[in-house]
Amino acid sequence: RSVLSGVSVTALPGTTTAVVGSTGSGKTTLVSLICRLRDATDGAVLIDGVDVRDRDPEELWSGIGLVPQRGYLFSGTVADNLRYGAPAGATVSDEQMWAALRGAAADDFVAAHPDGLAMPVAQGGINLSGGQRQRLAIARAVIRRPAIYLFDDAFSALDTGTDARVRAALREVAAEATVIIVAQRISTVTQADQVIVLDDGRVVGTGTHQQLLADCPTYAEFAESQSVTAGVGGQ
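Residues numbered from 1 in each chain as written. Predicted model: local features only at pLDDT ≥ 70, side-chain atom pairs only at ≥ 80, totals over all residues. Heavy atoms only, no water.

1. Observations regarding the overall build of the protein
1) Next: For the protein, the count of helices and strands is 10 helices and 10 strands.
2) Next: Since a compact globule built from 235 residues should have a radius of gyration of about 18 Å, the 18 Å found for the protein is in line with a globular shape.
3) Next: Residues counted as buried form 46% of the 235 residues belonging to the protein.
4) Next: About 11700 Å² of surface is accessible on the protein, with carbon and sulfur atoms providing 50% of the total.
5) Next: Here the protein contributes 19 positively and 26 negatively charged side chains, and the mean placements of these two sets differ by 4 Å. (Helix = DSSP H or I, 4+ residues; strand = E, 2+ residues; numbered from the N terminus. Rg over C-alpha atoms; globule rule 2.2 N^0.38 Å. Buried < 20%, exposed > 50% of the residue type's maximum accessible area, 1.4 Å probe, protein only. Areas by Shrake-Rupley, 256 points an atom, 1.4 Å probe, with all protein chains shown as cover. Lys, Arg positive; Asp, Glu negative; His and termini not counted. Charge placed at Lys NZ, Arg CZ, Asp CG, Glu CD.)

As structure tokens, then:
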């Protein structure tokens, strides 16, 4: 686990903040501090000006939609898995489920299945592709309509075309939310309002994609390394 030092970042509602960096740079540590999977030993993480350590945990988590790289799915149906993401005690309509699936660009493969929302999901989602699992995990966060979305490398199993479709869908459903995306792929972050570049637990660059290409050697090298590397992911 990386130790963050001297990190000062502000993410505003209605904006997307991307966090990039090499393995071990501190990206996941930053996310874990926001949702209190870990607590800061120095400094503070503030949401609406209040230290997360001073908030009621249930109230804190109810306002956050966290999607990890390997979003776990439960045995049951698509509808069952979406209900897990809804606020406690909330009744979720089919219309809300389909809206959440559209927000994660997951409605296509669910609609194509003869059972629709009753489409079976095996424990861990092993009967689905990696990309389908990630999109259902994203839909489970969307159905909560949280104030803060935390995507911790949650697009890694998507091919670039599906990645773009998911981000376009999210821009609509999360237009007023604070969106934080941890990503390994440059194409995922080019449209972010700000990109934070981490290296060895420190911020070495902050700006838009274009600004960082010009002003941040670490980011420019990161981008260059991907411009000559092709990869294919599952949908």
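2. Comments concerning the pattern of salt bridges
1) Next: Enumeration according to the criterion identifies 8 salt bridges in this entry.
2) Next: In this structure, the salt-bridge partner of Arg36 is Asp39, at a minimum N-O distance of 2.7 Å.
3) Next: Residue Asp39 is classed as partly exposed on the basis of its relative accessible area of 36%. (Salt bridge = Lys/Arg side-chain N within 4 Å of Asp/Glu carboxyl O.)

3. Notes on the sheet that holds strand β9 (residues 194-199)
Picture the strands of a sheet paired through backbone hydrogen bonds; they go either parallel or antiparallel.
1) Next: The strand order β4-β7-β8-β1-β9-β10 describes an open sheet built from 6 strands, whose pairing is mixed. Each edge of the sheet is formed by a strand with only one pairing partner; in this case those strands are β4 (64-67) and β10 (202-207). Sheet twist, expressed as the mean angle between neighbouring strand axes with direction ignored, is 15°.
2) Next: Bridge count for β9 against β10 is 5 bridges, and the pairing is antiparallel. What sits directly across from Val197, in β10, is Gly205. (Pairing = 2+ DSSP bridges. Axes fitted to C-alpha atoms, helices over the stretch in contact; angles between N-to-C directions.)

4. Digging into the packing of aromatic side chains
1) Next: With the rule as written, the count across this model stands at 4 aromatic pairs.
2) Next: Plain terms: the ring middles of Phe74 and Tyr84 are 4.5 Å apart, the flat faces sit at 50° to each other, and that makes the pair tilted. With a gap of 10 residues between them, Phe74 in the loop between β4 and β5 (76-77) and Tyr84 in helix α3 (residues 78-85) connect regions that are remote in the sequence.
3) Next: What makes Phe74 partly exposed here is its relative accessible area of 31%.
4) Next: On the numbers, 5.7 Å between centres and 15° between planes, the contact of Tyr149 with Phe151 is stacked. This pair shows no difference in class: Tyr149 is buried, exactly as Phe151 is.
5) Next: An aromatic cluster is present here, built from Tyr72, Phe74 and Tyr84 joined pairwise through their rings. (Phe/Tyr/Trp six-rings, centres within 6.5 Å; stacked < 30°, edge-to-face > 60°.)

5. Examining the side chain of Thr77
1) Next: Along the polypeptide, Thr77 turns up in strand β5.
2) Next: Contact partners of Thr77, with chain neighbours within four places excluded, come to Leu117, Ala118, Met119, Pro120 and Val121. (Contact = heavy atoms within 4.5 Å.)

6. Some remarks on the layout of surface pockets
1) Next: The computed volume of the largest pocket comes to approximately 1200 Å³.
2) Next: Val9, Ile34, Ala44, Val45 and Leu46 are the residues nearest the centre of the largest pocket, which is lined by 42 residues in total.
3) Next: Counting only elements with at least two residues in the lining of the largest pocket, the list comes to β1 (16-21), α1 (27-34), β2 (46-47), α2 (57-62) and β8 (178-182).
4) Next: It is α1 that contributes the most residues to the lining of the largest pocket, 4 residues altogether.
5) Next: Of the residues that constitute the lining of the largest pocket, the class distribution is 23 nonpolar, 12 polar and 7 charged.
6) Next: There is about 390 Å³ of room inside the second largest pocket.
7) Next: Residue lining of the second largest pocket: 16 residues in total, with Ile64, Gly65, Leu66, Val67 and Arg144 positioned closest to the centre. (1 Å grid on protein atoms, 1.4 Å probe; cavity = no way out; pocket = protein on both sides within 12 Å on 5 of 7 lines; lining within 4 Å. Points joined across faces, edges and corners; volume = space filled by probe spheres on them. Nonpolar A, V, L, I, M, F, W, Y, C, P; charged D, E, K, R; others polar.)

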